[in-house]
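# Topology and contacts: notes
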Amino acid sequence: MSSLTQEYITEKLQSKFEGAIQSIEMLHDFLTITVDKSSLKSLMQFLHDDELLNFHFLTTLCGLHFPDQPAQFGMMYQLHNMPANYRIRIKSFTNDSEPVFETMSDIWPAANWQERETYDFFGYRFHGHPDMRRILNMDSLVGWPLRKEFPLEDPFRGDKDDKMFGR
Amino acid sequence: MSENNQKLEGFEGPGFLATSLGKAVGMARKNSIWPLPFATSCCGIEFMATMASTYDFGRFGSERLSFSPRQADLLMVMGTISKKMGPVLRQVYEQMAEPKWVIAVGACASTGGIFDTYSVLQGIDRIIPVDVYVPGCPPRPEQIIDGVLKIQDLVQNESLRRRNSPEYQELLASYGIE
């Protein structure tokens, strides 16, 4: 079995997606690549399809929200090449007021529910997703709970007196 | 708890007791409550201990749990109820036949507990009327038994016609339950 290395992946991606890659860095032994949103889907497809890269397993994906960044809304994907036991993390950011990312559910079916979860908590839509609706929260919920501006505590609770709770 | 074992009042003689129908029915109901456990988290585990041999809930005439709301007298809500679960709990309550009682076991069922957050119902009394609240996180089996004995007091002493009273109708109407 050939083993993947950081140099190999970096070189291969940079030759194919030159200009689209914003940064490649090692974060705590984890190769992390930030890519333009417009090239995200094709890069993910390449990582999956390429015979040597062979990232056939989607470990997880989730939304990101950094209100202080210029591009505040983001997505994060973790991929795993099991034969080579190599993991990689892909990030992509946007500042659209209503972010729409390409769905990954046609590459990895595992993305289906996780993208619904991301929609549920961050409000990002996924273009091409077969069933884009809330999955965990009640359907009547207004807002996106994991965005930083969302109030965590139940605003309808009247018995929590600031004097008593030291807030 | 002391009131719980009170003797039935009435005219007593050797081998007989004459009392009002309401009191006799109350006594019968009180000692044959069929509880419906609606257990969603750790309070439910305490309830399992309550049912098991050491605490033996069956001593109080509640040996038989009803897992159909249609046959249950007492809805025991034990655990965190998320807002998504709310309509389910409400439907279970609506399916129960009168007379019915509700006990909220533990901090979460009573007030939402530590889960002061957008996804958790801040006490089941926001969607259904509650008769007895049992504090604790989770409460010990003794506390759950004490709560059920409080329910028994209500069952024993409540007027047979209370469920037809305007106050009761108003209470249900305030929750939007017909």
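As shown above, the structure is provided for reference.
The residue numbers shown here count from 1 along each chain, following its written sequence. As a convention, the first chain written is A and the first ligand written is 1, with the rest following in written order. Reporting in this predicted model follows two pLDDT cut-offs: at least 70 for local features of residues, and 80 or more for side-chain atom pairs to be given and counted; totals over whole chains, interfaces and linings ignore these cut-offs and use all residues.

### Points about the sheet that holds strand 4 (residues 73–81) of chain A
Residue and element names in this part refer to chain A. We count it as follows: Should DSSP find at least two bridges between two strands, the strands are taken to pair. Only DSSP runs of H or I with at least four residues qualify as helices, and only runs of E with at least two residues qualify as strands; both kinds are numbered from the N terminus onward. With axes taken as lines fitted to C-alpha atoms, and helix axes fitted only over the stretch in contact, angles between N-to-C directions fall between 0 and 180 degrees. Here, residues touch in the contact sense if the C-beta positions derived from the backbone fall within 7 Å of one another.
The strand order 1-2-5-4-3 describes an open sheet built from 5 strands, whose pairing is mixed. Two strands bound the open sheet, and with one partner strand each, they are strand 1 (21–27) and strand 3 (57–65). Along the sheet, successive strands turn relative to each other by an average axial angle of 20 degrees, direction set aside. As defined by bridge partners, strand 3 adjoins strand 4 across 8 bridges and the pair is classed as antiparallel. Its bridge partner being in strand 4, L64 is matched across the sheet by G74. Sheet contacts for helix 1 (residues 6–16): strand 1, strand 2 (30–35) and strand 5 (86–94); angle to strand 1, the most-contacted strand, approximately 175 degrees. Of the strands in this sheet, strand 2, strand 4 and strand 5 touch helix 2 (residues 37–49), which is tilted by about 165 degrees from strand 5.

### Quick look at the packing of helix 2 (residues 42–51) of chain B against helix 5 (residues 141–157) of chain B
Residue and element names in this part refer to chain B. For clarity, the threshold we go by: Here is the rule for angles: anything less than 35 degrees is roughly parallel, anything more than 145 is roughly antiparallel, 65 through 115 is roughly perpendicular, and the remaining ranges are oblique. Following the grouping adopted for this structure description, the nonpolar residues are Ala, Val, Leu, Ile, Met, Phe, Trp, Tyr, Cys and Pro, the charged ones are Asp, Glu, Lys and Arg, and the polar ones are all others, Gly among them.
The contact between helix 2 and helix 5 brings their axes to 9 Å, and the two run at 80 degrees. As the angle between them shows, helix 2 and helix 5 are arranged roughly perpendicular. Residues E46, F47, A49 and T50 of helix 2 form the contact with helix 5, whose own contacting residues are P141, I144 and I145. Looking at side-chain class alone, the contact of helix 2 with helix 5 contains 5 nonpolar, 1 polar and 1 charged residues.

### Side note on the pairing of strand 4 of chain A
Residues in a regular strand point their side chains to alternate faces of the sheet. Residue and element names in this part refer to chain A. Of the pairings in the sheet, the one linking strand 4 to strand 5 comprises 9 bridges and is antiparallel in character. Looking at strand 5, one finds that N81 is bridged to Y86. The turn joining strand 4 and strand 5, which pair antiparallel and follow one another in sequence, is formed by 4 residues; a positive phi near 50 degrees is taken by N85.

### Considering the packing of helix 1 (residues 21–30) of chain B against helix 5 of chain B
All names here are of chain B. As a reminder of what qualifies: For any helix crossing, the convention is left-handed if the near helix is rotated counterclockwise from the far helix by under a right angle, and right-handed if that rotation is clockwise.
It is the contact of helix 1 with helix 5, at a shortest axis distance of 7 Å, that shows an interaxial angle of 155 degrees. In this view, helix 1 runs roughly antiparallel relative to helix 5, as classed from their interaxial angle. Here the hand of the crossing between helix 1 and helix 5 comes out right-handed. On helix 5, the residues that touch G26, M27, R29 and K30 of helix 1 are Q152, V155, Q156 and N157.

### A word on the environment of E51(A)
Counting through the fold element by element, E51(A) comes out in the loop between helix 2 and strand 3. Separated by 46 residues in the primary sequence, E51(A) and T5(A) have C-alpha atoms spaced 15 Å apart.

### Brief notes about helix 2 of chain B
Residue pairs three or four apart in sequence face the same way in an α-helix, which turns once every 3.6 residues. All names here are of chain B. Rules: The burial label depends on the number of other C-beta atoms within 10 Å of a residue's C-beta. Counts of 20 or more mean buried, 12 or fewer mean exposed, and intermediate counts mean partly exposed, with C-beta atoms placed from the backbone. When we speak of the arc, we mean the arc of directions from the helix axis to the C-beta atoms.
Three or more residues of helix 2 are buried, namely C43, E46, F47 and T50. Looking straight down helix 2, one finds its buried side chains confined to an arc of 105 degrees; they lie on one side. Where helix 2 is buried, its residues meet strand 3 (35–39), strand 4 (74–78), strand 5 (101–105), helix 4 (106–111) and helix 5.

### A closer look at the environment of H127(A)
All names here are of chain A. Topologically, H127 is positioned in strand 7 (residues 125–127). H127 gets classed as exposed once you count the C-beta atoms within 10 Å, which come to 10. As a C-alpha pair, H127 and M104 span 23 residues in sequence and 9.3 Å in three-dimensional space. If sequence neighbours within four positions are ignored, H127 has contacts with V100, E102 and T103.

### As for the sheet that holds strand 3 of chain B
Picture the strands of a sheet paired through backbone hydrogen bonds; they go either parallel or antiparallel. All names here are of chain B. Read from one edge to the other, the open sheet built from 4 strands follows the order 3-4-5-6, with strand pairing classed as parallel. With one partner strand each, in any of the chains shown, strand 3 and strand 6 (132–134) form the two edges of the open sheet. Recorded for the sheet is a direction-independent mean angle of 15 degrees between the axes of neighbouring strands. As paired strands, strand 5 and strand 6 are joined by 3 bridges and run parallel to one another. From the neighbouring strand, V105 faces strand 6, where its bridge partner is V134. Packed onto the sheet, helix 2 meets strand 3, strand 4 and strand 5 and runs at close to 140 degrees relative to strand 3. Each of strand 3, strand 4 and strand 5 touches helix 3 (residues 86–95); the most contacted strand, strand 4, lies at about 165 degrees to it.

### A word on the interface of chain B and chain A
Note: interface size is frequently given as the accessible area lost on complex formation between the parts. Opposite the 7 residues of chain B that make contact, chain A presents 7 residues. Its residues placed into classes, the side of chain B that touches chain A shows 1 nonpolar, 3 polar and 3 charged.

### A short note on the nonpolar core
Convention followed: The term nonpolar core refers to a set of buried Ala, Val, Leu, Ile, Met, Phe, Trp, Tyr and Cys residues connected through C-beta atoms within 7 Å.
Counting residues in hydrophobic clusters, the biggest one holds 34 residues, and the most contacted among them are L74(B), L75(B), M76(B), V77(B), I103(B), V105(B) and A109(B). At the level of elements, strand 3, helix 2, strand 4, helix 3, strand 5, helix 4, strand 6 and helix 5 of chain B are the ones that each hand at least two residues to this core. Filtering out sequence-adjacent residues up to four positions away, V77(B) remains in contact with F38(B), L89(B), V102(B), A104(B), V105(B), A109(B) and I124(B). Listed in part, the 27 residues of the second largest apolar core include L47(A), L58(A), A111(A) and F121(A).

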